[in-house]
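# Structure assessment
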Amino acid sequence: MYIILVYDIKQVGDFQKVQRKVFKECKKYLYHVQNSVFEGEISKSQLFCLEAALSSFFRKEIDSCIVFKSNNKKWLNKIYITAEIDDNHQFI
């Protein structure tokens, strides 16, 4: 399946530690698109592992994470409002 993962970490307490852990875990499975946005092809079992790891990092009362799922990347249209950044060829 193809997913887009978006997260928001509130800048209170140990937020930098949370940011590092979340970013590092997401990079294991997905391409970093910008700031707190990742995307890519992932299996159901990989998604399960990613969700389990992330749920242990996020502070559920103040942080948020949304996963948008699609069965196929072809069904997702991506429109760039600004210039398409292609520094490391991660974009589709």
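Before reading further, recall that the structure is shown in the block above.
As the structure is a computational prediction, the values presented were derived from the model and not from experiment. (Residues numbered from 1 in each chain as written. Predicted model: local features only at pLDDT ≥ 70, side-chain atom pairs only at ≥ 80, totals over all residues. Heavy atoms only, no water.)

## A closer look at the nonpolar core
Counting 15 residues, the largest nonpolar core has Leu5, Tyr7, Ile9, Val22, Cys26, Leu30 and Leu54 as the members making the most contacts within it. Contributing elements (two or more residues each) for this core: strand 1 (2-8), helix 1 (15-29) and helix 2 (44-57). If you tally residues by element for this core, the top one is helix 1, at four residues. Once residues within four sequence positions are removed from consideration, Cys26 is found in contact with Leu5, Tyr7, Phe38, Leu50 and Leu54. (Core = buried A, V, L, I, M, F, W, Y, C linked by side-chain atoms within 4.5 Å. Buried < 20%, exposed > 50% of the residue type's maximum accessible area, 1.4 Å probe, protein only. Helix = DSSP H or I, 4+ residues; strand = E, 2+ residues; numbered from the N terminus. Contact = heavy atoms within 4.5 Å.)

## Describing helix 1
Between the first and last C-alpha of helix 1 there are 22 Å, a value that for 15 residues agrees with the 21 Å anticipated at 1.5 Å per step. Every buried residue belonging to helix 1 is among Phe15, Val18, Val22, Glu25 and Cys26, and all of these are buried. Taken down its axis, helix 1 places every buried residue within 105° of arc, on the same side. Opposite the packed face of helix 1, turned more than 90 degrees from it, sit the exposed residues Arg20, Lys24 and Lys28. If you follow the buried residues of helix 1, they end up packed against strand 1, strand 3 (37-41) and helix 2. (Expected span 1.5 Å × (residues − 1). Arc of directions from axis to C-beta.)

Read these as geometric descriptors, not functional statements.
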